[in-house]
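Here is how the chains run, residue by residue.
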Amino acid sequence: MGILNVTPDSFSDGGRYSGPVAALTQAATLVGEGASVLDVGGESTRPGAEPLDAETELDRILPVLRGLRGDVLVSVDTYKPEVAAAALQAGAHLVNDVSGLRDPEMVRVCAEAGAPVVVMHMQGTPGTMQREPHYDDVQRVVVAELQAAAARALAAGVPSVMLDPGIGFGKTSVHNLTLLRGLSDLVALGYPVLLGASRKGLIRELAGESRADERDPGSVALHLWGAQQGVAMVRAHNVAAHVQALRVWTALGG
Ligand code: HH2
(Lines give C-alpha, C1' and ligand atoms only; values in the text may rest on other atoms or scores of the structure.)
Protein backbone atom coordinates (compact mmCIF):
# COMPACT_ATOMS: atom_id res chain seq x y z
CA MET A 1 0.00 0.00 0.00
CA GLY A 2 1.60 3.24 -1.17
CA ILE A 3 0.99 6.36 0.92
CA LEU A 4 -0.35 9.42 -0.86
CA ASN A 5 -0.73 12.29 1.58
CA VAL A 6 -2.51 15.23 -0.03
CA THR A 7 -1.72 17.38 2.99
CA PRO A 8 0.44 20.38 3.85
CA ASP A 9 1.52 18.95 7.22
CA SER A 10 2.06 15.17 7.20
CA PHE A 11 5.02 14.20 9.36
CA SER A 12 7.29 12.94 6.59
CA ASP A 13 5.98 14.21 3.24
CA GLY A 14 3.72 17.14 4.20
CA GLY A 15 3.42 19.68 1.40
CA ARG A 16 5.16 17.55 -1.23
CA TYR A 17 1.98 16.28 -2.90
CA SER A 18 -0.59 18.76 -1.68
CA GLY A 19 -1.81 19.85 -5.13
CA PRO A 20 -3.66 17.45 -7.46
CA VAL A 21 -0.98 17.56 -10.16
CA ALA A 22 1.85 16.67 -7.78
CA ALA A 23 -0.36 14.05 -6.11
CA LEU A 24 -1.30 12.35 -9.39
CA THR A 25 2.34 12.36 -10.51
CA GLN A 26 3.33 10.71 -7.23
CA ALA A 27 0.45 8.23 -7.64
CA ALA A 28 1.80 7.19 -11.03
CA THR A 29 5.27 6.79 -9.50
CA LEU A 30 3.96 4.59 -6.66
CA VAL A 31 1.96 2.42 -9.07
CA GLY A 32 4.99 2.12 -11.37
CA GLU A 33 7.06 1.01 -8.39
CA GLY A 34 4.59 -1.78 -7.65
CA ALA A 35 1.98 -0.48 -5.21
CA SER A 36 -1.21 -2.59 -5.28
CA VAL A 37 -3.25 -0.04 -3.34
CA LEU A 38 -2.90 3.72 -2.95
CA ASP A 39 -3.93 5.17 0.41
CA VAL A 40 -5.10 8.72 -0.20
CA GLY A 41 -5.32 10.96 2.86
CA GLY A 42 -6.28 14.62 3.27
CA GLU A 43 -5.75 15.02 7.02
CA SER A 44 -2.55 14.36 8.93
CA THR A 45 -3.05 12.17 12.00
CA ARG A 46 0.48 12.64 13.32
CA PRO A 47 0.78 13.12 17.09
CA GLY A 48 -0.48 16.56 18.06
CA ALA A 49 -2.44 17.12 14.82
CA GLU A 50 -5.66 19.12 15.13
CA PRO A 51 -8.81 17.73 13.48
CA LEU A 52 -9.61 19.11 10.04
CA ASP A 53 -13.12 19.97 8.84
CA ALA A 54 -14.65 17.52 6.37
CA GLU A 55 -15.05 20.14 3.65
CA THR A 56 -11.34 21.00 3.54
CA GLU A 57 -10.42 17.32 3.65
CA LEU A 58 -12.69 16.63 0.67
CA ASP A 59 -11.39 19.65 -1.26
CA ARG A 60 -7.94 18.10 -0.98
CA ILE A 61 -8.72 14.50 -1.88
CA LEU A 62 -11.64 14.56 -4.35
CA PRO A 63 -9.69 15.92 -7.36
CA VAL A 64 -7.07 13.22 -6.74
CA LEU A 65 -9.62 10.41 -6.39
CA ARG A 66 -11.36 11.52 -9.58
CA GLY A 67 -8.02 11.68 -11.39
CA LEU A 68 -7.10 8.15 -10.26
CA ARG A 69 -10.31 6.51 -11.31
CA GLY A 70 -9.70 3.09 -12.84
CA ASP A 71 -5.92 3.06 -12.55
CA VAL A 72 -5.37 1.24 -9.24
CA LEU A 73 -7.12 0.10 -6.07
CA VAL A 74 -7.64 3.15 -3.91
CA SER A 75 -8.27 3.46 -0.20
CA VAL A 76 -9.30 6.66 1.52
CA ASP A 77 -7.54 7.38 4.80
CA THR A 78 -10.26 9.05 6.86
CA TYR A 79 -12.18 8.56 10.09
CA LYS A 80 -15.08 10.80 9.02
CA PRO A 81 -18.16 9.05 7.59
CA GLU A 82 -19.10 11.99 5.37
CA VAL A 83 -15.62 12.03 3.84
CA ALA A 84 -15.67 8.26 3.34
CA ALA A 85 -19.10 8.42 1.66
CA ALA A 86 -18.02 11.13 -0.79
CA ALA A 87 -14.69 9.39 -1.48
CA LEU A 88 -16.40 6.06 -2.23
CA GLN A 89 -18.75 7.92 -4.54
CA ALA A 90 -15.73 9.46 -6.29
CA GLY A 91 -14.17 6.07 -6.96
CA ALA A 92 -12.33 4.92 -3.81
CA HIS A 93 -12.61 1.16 -3.26
CA LEU A 94 -11.97 0.82 0.45
CA VAL A 95 -11.84 2.86 3.63
CA ASN A 96 -8.85 3.10 5.97
CA ASP A 97 -10.20 4.27 9.33
CA VAL A 98 -7.48 5.09 11.86
CA SER A 99 -10.14 5.41 14.57
CA GLY A 100 -11.09 1.74 14.21
CA LEU A 101 -14.73 2.35 13.28
CA ARG A 102 -15.39 4.36 16.43
CA ASP A 103 -18.25 6.21 14.72
CA PRO A 104 -21.22 3.87 14.08
CA GLU A 105 -22.12 6.04 11.10
CA MET A 106 -18.85 4.96 9.45
CA VAL A 107 -19.93 1.32 9.73
CA ARG A 108 -23.25 2.20 8.12
CA VAL A 109 -21.61 4.12 5.25
CA CYS A 110 -19.20 1.28 4.46
CA ALA A 111 -21.88 -1.40 4.70
CA GLU A 112 -24.20 0.55 2.42
CA ALA A 113 -21.46 1.14 -0.16
CA GLY A 114 -20.21 -2.46 0.10
CA ALA A 115 -16.75 -1.13 0.90
CA PRO A 116 -14.09 -3.15 2.73
CA VAL A 117 -12.50 -1.40 5.71
CA VAL A 118 -9.09 -1.25 7.35
CA VAL A 119 -9.82 -1.16 11.08
CA MET A 120 -6.83 0.42 12.82
CA HIS A 121 -6.30 0.62 16.56
CA MET A 122 -5.82 4.04 18.15
CA GLN A 123 -6.00 5.00 21.81
CA GLY A 124 -7.39 8.54 22.17
CA THR A 125 -7.17 11.07 19.35
CA PRO A 126 -4.18 12.33 17.34
CA GLY A 127 -4.16 15.63 19.27
CA THR A 128 -3.46 13.99 22.63
CA MET A 129 -2.69 10.31 22.01
CA GLN A 130 1.04 10.52 22.72
CA ARG A 131 0.72 12.41 26.03
CA GLU A 132 0.73 9.42 28.34
CA PRO A 133 -0.47 6.28 26.61
CA HIS A 134 -1.35 3.59 29.11
CA TYR A 135 -2.53 -0.03 28.85
CA ASP A 136 -2.74 -2.77 31.45
CA ASP A 137 -1.76 -5.27 28.75
CA VAL A 138 -1.29 -3.64 25.36
CA GLN A 139 -1.21 -6.86 23.38
CA ARG A 140 -4.41 -8.24 24.90
CA VAL A 141 -6.27 -4.90 24.68
CA VAL A 142 -5.36 -4.14 21.06
CA VAL A 143 -6.16 -7.64 19.80
CA ALA A 144 -9.47 -7.73 21.72
CA GLU A 145 -10.57 -4.26 20.59
CA LEU A 146 -9.76 -4.98 16.95
CA GLN A 147 -11.53 -8.32 17.10
CA ALA A 148 -14.65 -6.69 18.58
CA ALA A 149 -14.65 -3.89 15.97
CA ALA A 150 -14.26 -6.40 13.13
CA ALA A 151 -17.15 -8.50 14.44
CA ARG A 152 -19.37 -5.42 14.75
CA ALA A 153 -18.54 -4.31 11.22
CA LEU A 154 -19.17 -7.69 9.64
CA ALA A 155 -22.43 -8.12 11.56
CA ALA A 156 -23.56 -4.72 10.22
CA GLY A 157 -22.90 -5.77 6.62
CA VAL A 158 -19.38 -4.49 5.91
CA PRO A 159 -18.14 -7.02 3.33
CA SER A 160 -14.61 -7.54 4.69
CA VAL A 161 -12.07 -6.05 7.07
CA MET A 162 -8.33 -5.82 7.51
CA LEU A 163 -6.89 -5.21 10.98
CA ASP A 164 -4.01 -2.86 11.82
CA PRO A 165 -2.37 -2.53 15.27
CA GLY A 166 -1.82 1.22 14.70
CA ILE A 167 1.89 1.65 15.34
CA GLY A 168 2.46 5.02 17.05
CA PHE A 169 -1.22 5.77 17.65
CA GLY A 170 -1.48 6.21 21.41
CA LYS A 171 1.50 3.94 22.08
CA THR A 172 4.95 4.27 23.62
CA SER A 173 7.94 2.56 22.01
CA VAL A 174 7.54 -0.31 24.47
CA HIS A 175 3.89 -0.69 23.43
CA ASN A 176 4.87 -0.59 19.74
CA LEU A 177 7.59 -3.21 20.22
CA THR A 178 5.27 -5.46 22.20
CA LEU A 179 2.69 -5.30 19.41
CA LEU A 180 5.30 -5.92 16.71
CA ARG A 181 6.66 -8.93 18.60
CA GLY A 182 3.11 -10.24 19.04
CA LEU A 183 1.84 -9.65 15.49
CA SER A 184 1.25 -13.34 14.94
CA ASP A 185 -1.50 -13.21 17.63
CA LEU A 186 -3.32 -10.62 15.55
CA VAL A 187 -2.76 -12.64 12.38
CA ALA A 188 -4.17 -15.70 14.18
CA LEU A 189 -7.60 -14.04 14.40
CA GLY A 190 -7.93 -14.94 10.72
CA TYR A 191 -8.38 -11.48 9.20
CA PRO A 192 -5.73 -10.04 6.87
CA VAL A 193 -3.45 -7.69 8.80
CA LEU A 194 -2.03 -4.38 7.58
CA LEU A 195 1.12 -2.94 9.16
CA GLY A 196 2.02 0.76 8.94
CA ALA A 197 5.40 1.55 10.45
CA SER A 198 6.76 3.66 7.61
CA ARG A 199 9.21 6.34 8.82
CA LYS A 200 7.58 6.43 12.25
CA GLY A 201 9.10 7.83 15.44
CA LEU A 202 9.77 4.30 16.68
CA ILE A 203 12.62 4.13 14.15
CA ARG A 204 14.11 7.31 15.61
CA GLU A 205 14.00 5.68 19.04
CA LEU A 206 15.47 2.39 17.86
CA ALA A 207 18.07 3.66 15.41
CA GLY A 208 18.66 7.30 16.30
CA GLU A 209 17.57 8.77 12.95
CA SER A 210 15.99 12.17 13.56
CA ARG A 211 14.94 12.83 9.94
CA ALA A 212 11.73 11.06 8.94
CA ASP A 213 12.68 10.89 5.25
CA GLU A 214 15.91 9.05 6.19
CA ARG A 215 14.03 6.21 7.88
CA ASP A 216 13.30 3.95 4.89
CA PRO A 217 15.85 1.28 5.90
CA GLY A 218 14.24 1.01 9.34
CA SER A 219 10.79 0.96 7.74
CA VAL A 220 11.77 -1.94 5.50
CA ALA A 221 13.20 -3.82 8.48
CA LEU A 222 9.99 -3.44 10.50
CA HIS A 223 7.80 -4.36 7.55
CA LEU A 224 9.85 -7.47 6.68
CA TRP A 225 9.50 -8.48 10.31
CA GLY A 226 5.74 -8.04 9.88
CA ALA A 227 5.72 -10.08 6.68
CA GLN A 228 7.55 -12.86 8.52
CA GLN A 229 4.79 -12.82 11.18
CA GLY A 230 2.14 -13.13 8.47
CA VAL A 231 0.89 -9.60 7.76
CA ALA A 232 -0.87 -9.35 4.41
CA MET A 233 0.00 -5.78 3.46
CA VAL A 234 2.38 -3.02 4.47
CA ARG A 235 1.74 0.73 4.20
CA ALA A 236 4.81 2.53 2.91
CA HIS A 237 6.08 5.88 1.66
CA ASN A 238 8.95 4.34 -0.34
CA VAL A 239 7.23 1.65 -2.38
CA ALA A 240 10.24 0.80 -4.55
CA ALA A 241 12.39 -0.10 -1.54
CA HIS A 242 9.63 -2.28 -0.09
CA VAL A 243 8.86 -4.09 -3.34
CA GLN A 244 12.54 -4.93 -3.79
CA ALA A 245 12.91 -6.12 -0.19
CA LEU A 246 9.72 -8.20 -0.30
CA ARG A 247 10.73 -9.81 -3.61
CA VAL A 248 14.06 -10.87 -2.13
CA TRP A 249 12.37 -12.10 1.05
CA THR A 250 9.81 -14.05 -1.04
CA ALA A 251 12.60 -15.66 -3.07
CA LEU A 252 14.01 -16.95 0.22
CA GLY A 253 10.72 -18.68 0.93
CA GLY A 254 9.05 -15.91 2.95
N1 HH2 B 1 -0.37 5.68 9.83
C2 HH2 B 1 -0.59 6.94 9.44
C3 HH2 B 1 -1.77 7.28 8.75
N4 HH2 B 1 -2.68 6.33 8.43
N5 HH2 B 1 -3.37 4.09 8.46
C6 HH2 B 1 -3.17 2.82 8.81
N7 HH2 B 1 -4.06 1.86 8.49
N8 HH2 B 1 -2.05 2.43 9.50
C9 HH2 B 1 -1.09 3.33 9.87
O10 HH2 B 1 -0.10 2.93 10.52
C11 HH2 B 1 -1.28 4.71 9.51
C12 HH2 B 1 -2.46 5.05 8.79
C13 HH2 B 1 0.42 7.99 9.73
O14 HH2 B 1 1.36 8.10 8.72
P15 HH2 B 1 1.34 9.18 7.52
O16 HH2 B 1 0.11 9.05 6.69
O17 HH2 B 1 2.61 9.04 6.77
O18 HH2 B 1 1.40 10.58 8.25
P19 HH2 B 1 0.33 11.72 8.55
O20 HH2 B 1 -0.73 11.13 9.43
O21 HH2 B 1 1.13 12.80 9.22
O22 HH2 B 1 -0.26 12.17 7.23
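Below you will find a few notes about this structure. (Residues numbered from 1 in each chain as written. Predicted model: local features only at pLDDT ≥ 70, side-chain atom pairs only at ≥ 80, totals over all residues. Heavy atoms only, no water.)

1. Observations regarding the pattern of salt bridges
Okay, step 1: Summed over the entire model, instances satisfying the criterion amount to ten salt bridges.
Okay, step 2: Residue D9 pairs with R46 through a salt bridge whose shortest N-O separation is 3.3 Å. Here the residue D9 occupies a position in the loop between β1 (2–5) and α1 (20–33), and R46 occupies one in the loop between β2 (37–41) and α2 (54–68), the gap between them amounting to 37 residues.
Okay, step 3: R46 sits in the partly exposed class, given a relative accessible area of 25%.
Okay, step 4: E57 serves as the salt-bridge partner of K80, at 2.4 Å between the closest nitrogen and oxygen. Note that K80 is positioned in the loop between β3 (73–77) and α3 (81–89) and E57 in helix α2, a separation of 23 residues in sequence. There is no split in this pair, since K80 and E57 are both buried.
Okay, step 5: Taken together, the salt bridges that share partners define one network made up of D39, D77 and R235. (Salt bridge = Lys/Arg side-chain N within 4 Å of Asp/Glu carboxyl O. Helix = DSSP H or I, 4+ residues; strand = E, 2+ residues; numbered from the N terminus. Buried < 20%, exposed > 50% of the residue type's maximum accessible area, 1.4 Å probe, protein only.)

2. As for the side chain of Q139
Okay, step 1: With respect to the secondary-structure elements, Q139 resides in helix α5 (residues 138–155).
Okay, step 2: The class for Q139 is buried, based on a relative accessible area of 12%.
Okay, step 3: In terms of polar contacts, Q139 uses its side chain to reach the backbone carbonyl oxygen of G182, at 3.0 Å.
Okay, step 4: The residues touching Q139, leaving out its near neighbours within four places in the chain, are T178, L179, G182 and D185. (Polar contact = N/O pair within 3.5 Å; in protein donor to acceptor, adjacent residues only side chain to side chain. Contact = heavy atoms within 4.5 Å.)

3. A short note on the layout of surface pockets
Okay, step 1: In this structure, the largest pocket spans a volume of roughly 560 Å³.
Okay, step 2: If you trace the largest pocket, you find 35 residues lining it, with F11, P47, I167, F169 and K200 closest to the centre.
Okay, step 3: Elements with a contribution of two residues or more to the lining of the largest pocket: β1, α6 (173–181) and α8 (201–207).
Okay, step 4: Of all the elements, α8 adds the most residues to the lining of the largest pocket, at four residues.
Okay, step 5: Taken as a whole, the second largest pocket encloses approximately 260 Å³ of empty space.
Okay, step 6: Taken together, 15 residues form the lining of the second largest pocket, with M1, G34, V234, V243 and L246 sitting closest to its centre. (1 Å grid on protein atoms, 1.4 Å probe; cavity = no way out; pocket = protein on both sides within 12 Å on 5 of 7 lines; lining within 4 Å. Points joined across faces, edges and corners; volume = space filled by probe spheres on them.)

4. Focus: the packing of helix α9 (residues 216–229) against helix α10 (residues 239–251)
A pair of packed helices is characterised by two quantities: the angle between their axes and the separation of those axes.
Okay, step 1: Put simply, α9 and α10 touch, their axes get as near as 10 Å, and they point 40° apart. The angle between α9 and α10 falls in the class oblique. Taken as a pair, α9 and α10 cross one another with a handedness that is right-handed. Contact with α9, carried on its side by S219, V220, H223, L224, A227 and Q228, involves A241, H242, A245, L246 and W249 of α10 and no other residues of that element. (Axes fitted to C-alpha atoms, helices over the stretch in contact; angles between N-to-C directions. Parallel < 35°, antiparallel > 145°, perpendicular 65-115°, else oblique. Left-handed = near helix turned anticlockwise from the far one by under 90°.)

5. Digging into unusual backbone geometry
Okay, step 1: Of note, L101 is a non-glycine position whose phi angle comes to about 60°, a positive value.
Okay, step 2: You can see L101 is positioned in the loop between β4 (94–97) and α4 (104–113).
Okay, step 3: One non-glycine residue with positive phi stands out, namely R199, at about 60°.
Okay, step 4: Within the secondary structure, R199 is located in the loop between β7 (194–195) and α8.

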